[in-house]
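Structural overview for review
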Amino acid sequence: MTQTELDRLLDIQHNIPVEFAEQAPIPNNTSYTPILNLNASGFNFTGRELLHTIGSKTTSLPINQRDEAIQSAYYFVHLLDFENDPLHYKVEVESDLQTPRSQELGIGIMCLFAYKYFNISWDKLEPIPGPGLRFDYRGEFNNTKCIFEAKGTKYLAKQSSQINHGIEKKEAHHANNENYDIELIISTCVGSAQVTPRIVLGDPKFEFGNYAFAKDSNYFFRIRHYCRQLQACGFSKLAWYLNNSVQGYFKGKEIELNIRTNKSETISFADTIEIGNSVYFGKWFKNWIPEKSKRYERLKKFEIPLDTKIESLQLFQGIREDVLDLILSKNISEIEFSSKNLSLESLKRNNTFNAMLGQDGSISAFKLD
């Protein structure tokens, strides 16, 4: 496979049919206008858009300053058949490997869905922390408050029970006599080539505590977003300082960033990509599991079947220099997001390859070594 063929593969448009759950019908109101006709048109996206979202949004928060991240976007390139529509797992991917990956895929679809149809910027689309049954993600746009429950499965028959479990989660939230504008369960099924993929949407009524939209919550979730993004880029130390600085937020503590590292240390082992006048710092990854990570040592026994056509694949995850500078100077609230949605740029490095740019200053790219 050539680089041109790889880029063509990642930029193929996919469509997943959408159905509305009978037990949790979608309200016919203005908040839901963007999705009311999706049961006729389906959900459209490219493989590259999905991979960028998965790589950015499924990264675990760091547990220490040396905790590297799993590169989920890397292994999904090998697991999913992006050549054919409808989207499905490759034939050689064993069922036992598909099952644990389905939830990550469900999160990626949910985040991309919320981003595309409700215009929720990446920093406002983050997991809701807290114990017990609760919805996964919160988001906000134009004073519209949203919560989302992401589900993923490889079995169509399980989607109904996933919607029901989402209903249970809604009922389990501590009531605060508040209803939000969008309260959506998104169940995604992607299975083998014999299974037609499907997204099921549901919106039962419930009451939800207001801590996800409390004072300074947008600032808190923006910090958490960039913590996740920096972790994906390989900047574990800086990510850990961000995460450590907001640990007491939901216990009533004020957010005070305590960053004890600098730019030269952060980028000392970084790779770079240049687009126009912008520089992006990050890393090229050749594997999905960090080589020296003790946290993910147990995963090394699971082998991802590498597609022989792209065995030499490399993934770049990075962040724009001006955004990194604002984070290091503790001015995260001053980061300006691009008005563009996910966009493609063509780059030159030995041969031409495409990169995906996020409105938050993130970048992802795939190349063949």
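Residues numbered from 1 in each chain as written. Predicted model: local features only at pLDDT ≥ 70, side-chain atom pairs only at ≥ 80, totals over all residues. Heavy atoms only, no water.

1. What about the overall build of the chain?
Let me state the cut-off plainly: The helix and strand labels rest on DSSP assignments: H or I over at least four residues marks a helix, E over at least two residues marks a strand, and numbering proceeds from the N terminus. Radius of gyration means the value over C-alpha atoms here, while the globule rule gives 2.2 Å times the residue count to the 0.38 power. Charged-residue counts in this description rest on Lys and Arg as positive and Asp and Glu as negative, His and the chain ends being excluded. Where a charge lies is defined by one atom per residue type, namely NZ (Lys), CZ (Arg), CG (Asp) and CD (Glu).
A tally of regular secondary structure across the chain gives 10 helices and 16 strands. Computed over its C-alpha atoms, the radius of gyration of the chain comes to 20 Å, within 12% of the 21 Å expected for a compact globule of 369 residues. In terms of overall dimensions, the chain has C-alpha extents of about 55 × 50 × 40 Å along its principal axes. A gap of 5 Å separates the mean positions of the 42 positive and 46 negative side-chain charges of the chain.

2. Structural notes on the packing of helix α7 (residues 217-233) against helix α8 (residues 236-245)
Between two packed helices, the angle of one axis relative to the other and the distance separating the axes together describe the packing. This is how it is decided: Where helices are involved, their axes are fitted lines through C-alpha atoms of the stretch in contact, as for all axes, and angles between N-to-C directions lie from 0 to 180°. To sort the angles, those under 35 degrees are grouped as roughly parallel, those over 145 as roughly antiparallel, those from 65 to 115 as roughly perpendicular, and the leftovers as oblique. A clockwise turn of the near helix away from the far one marks a right-handed crossing, whereas an anticlockwise turn of less than a right angle marks a left-handed crossing. Only heavy atoms matter for contacts: two residues are in contact if any of them lie within 4.5 Å across the pair.
α8 packs onto α7 with a crossing angle of 160° between their chain directions and a minimal axis gap of 8 Å. Considering the angle they form, α7 stands roughly antiparallel to α8. Between α7 and α8 the crossing geometry is left-handed. Facing Ile-223, Arg-224, Tyr-226, Cys-227, Leu-230 and Gln-231 of α7, the residues of α8 in contact are Ser-236, Leu-238, Ala-239, Leu-242 and Asn-243.

3. Things to note about the confidence of the model for the chain
As a reminder of what qualifies: Every residue gets a pLDDT, meaning the predictor's confidence in that residue, from 0 to 100.
Summarising the model, the chain shows a mean pLDDT of 86, and 90% of its residues fall at 70 or more. For the chain, the element scoring lowest by mean pLDDT is helix α6 (residues 159-172), at 70; helix α10 (residues 321-328) scores highest, at 98. Note that residues 173-178 has pLDDT below 50 and, in this model, 19 contacts with residues that lie over four places away or in other chains.

4. Some words on the sheet that holds strand β8 (residues 144-153)
Note the following rule: Two strands qualify as a pair provided that DSSP identifies no fewer than 2 bridges between them.
One open sheet holds the six strands; their spatial order is β2-β10-β9-β8-β7-β6, and the pairing between them is mixed. Each having just a single partner strand, β2 (18-20) and β6 (126-127) make up the two edges of the open sheet.

5. Brief notes about the side chain of Lys-90
How we decide: Any pair of N or O atoms that falls within 3.5 Å is considered a polar contact. Within protein, one atom must be able to donate a hydrogen and the other to accept it, and sequence-neighbouring residues count only if both atoms are side-chain atoms.
Inspection of the secondary structure assignment puts Lys-90 in the loop between β5 (88-89) and α5 (95-118). In this structure the side chain of Lys-90 is engaged in a polar contact, spanning 3.4 Å, whose partner is the backbone oxygen of Val-77. A polar atom in the side chain of Lys-90 sits 3.3 Å from the backbone oxygen of His-78. If near-sequence neighbours (up to four positions away) are discounted, Lys-90 is found in contact with Val-77, His-78, Leu-79, Leu-80, Asp-81 and Asp-307.

6. Description of the packing of aromatic side chains
Definition in use: In summary, the pairing rule links any two rings of Phe, Tyr or Trp, Trp by its six-membered ring, whose centres are within 6.5 Å, and it sorts them by plane angle into stacked for under 30 degrees, edge-to-face for over 60 and tilted for everything else. Partly exposed residues are those whose accessible area sits between 20% and 50% of the maximum for their type, while under 20% is buried and over 50% is exposed, using a 1.4 Å probe and protein chains only.
The final tally for this structure, using the stated rule, is 16 aromatic pairs. Their ring planes at 70° and their centres at 5.3 Å tell us that Trp-240 and Tyr-241 sit as a pair that is edge-to-face. Judged by relative accessible area, which is 9%, Tyr-241 ranks as buried. Note on Trp-284 and Phe-316: the rings are 5.2 Å apart at their centroids and 55° apart in plane angle, and the pair reads as tilted. Of this pair, Trp-284 sits in strand β12 (residues 278-285) while Phe-316 sits in strand β13 (residues 313-320), and the two are 32 residues apart along the sequence. Both residues of the pair, Trp-284 and Phe-316, belong to the buried class. One aromatic cluster is present, formed by Phe-43, Phe-45, Phe-113, Tyr-117, Phe-118, Phe-141 and Phe-148 through successive ring pairs.

7. Details of the side chain of Arg-320
Structurally, Arg-320 is set in strand β13. The residues touching Arg-320, leaving out its near neighbours within four places in the chain, are Ser-278, Val-279, Tyr-280, Glu-336 and Gly-361.

8. Looking at α8
Of all 10 residues in α8, seven are buried, a share of seventy percent or more. Residues Ser-236, Leu-238, Ala-239, Tyr-241, Leu-242, Asn-243 and Ser-245 constitute the buried set of α8. Packed against the buried residues of α8 are α7, α9 (263-266) and α10.

9. Thoughts on the pattern of salt bridges
Test applied: The rule for a salt bridge is simple: a side-chain nitrogen of Lys or Arg has to be within 4 Å of a carboxyl oxygen of Asp or Glu.
Under the criterion given, the structure shown has 18 salt bridges. For the salt bridge of Lys-151 with Glu-149, the shortest nitrogen-to-oxygen distance reads 3.4 Å. Like Glu-149, Lys-151 is buried. Residue Arg-320 is joined to Asp-322 by a salt bridge in which the shortest nitrogen-to-oxygen separation is 2.5 Å. Here the salt bridges share partners, and the residues they tie into one network are Asp-7, Asp-11 and Arg-48.

10. Focus on the nonpolar core
Rule in force here: Residues belong to one nonpolar core when they are buried, are Ala, Val, Leu, Ile, Met, Phe, Trp, Tyr or Cys, and are joined through side-chain atoms within 4.5 Å.
Formed by 64 residues in total, the largest nonpolar core has its most connected members in Phe-148 and Leu-184. Per-element tally for this core: the top contributor is α5, with 11 residues. Ranked by size, the runner-up nonpolar core spans 26 residues in total, among them Tyr-241, Phe-281, Ile-327 and Ile-332.

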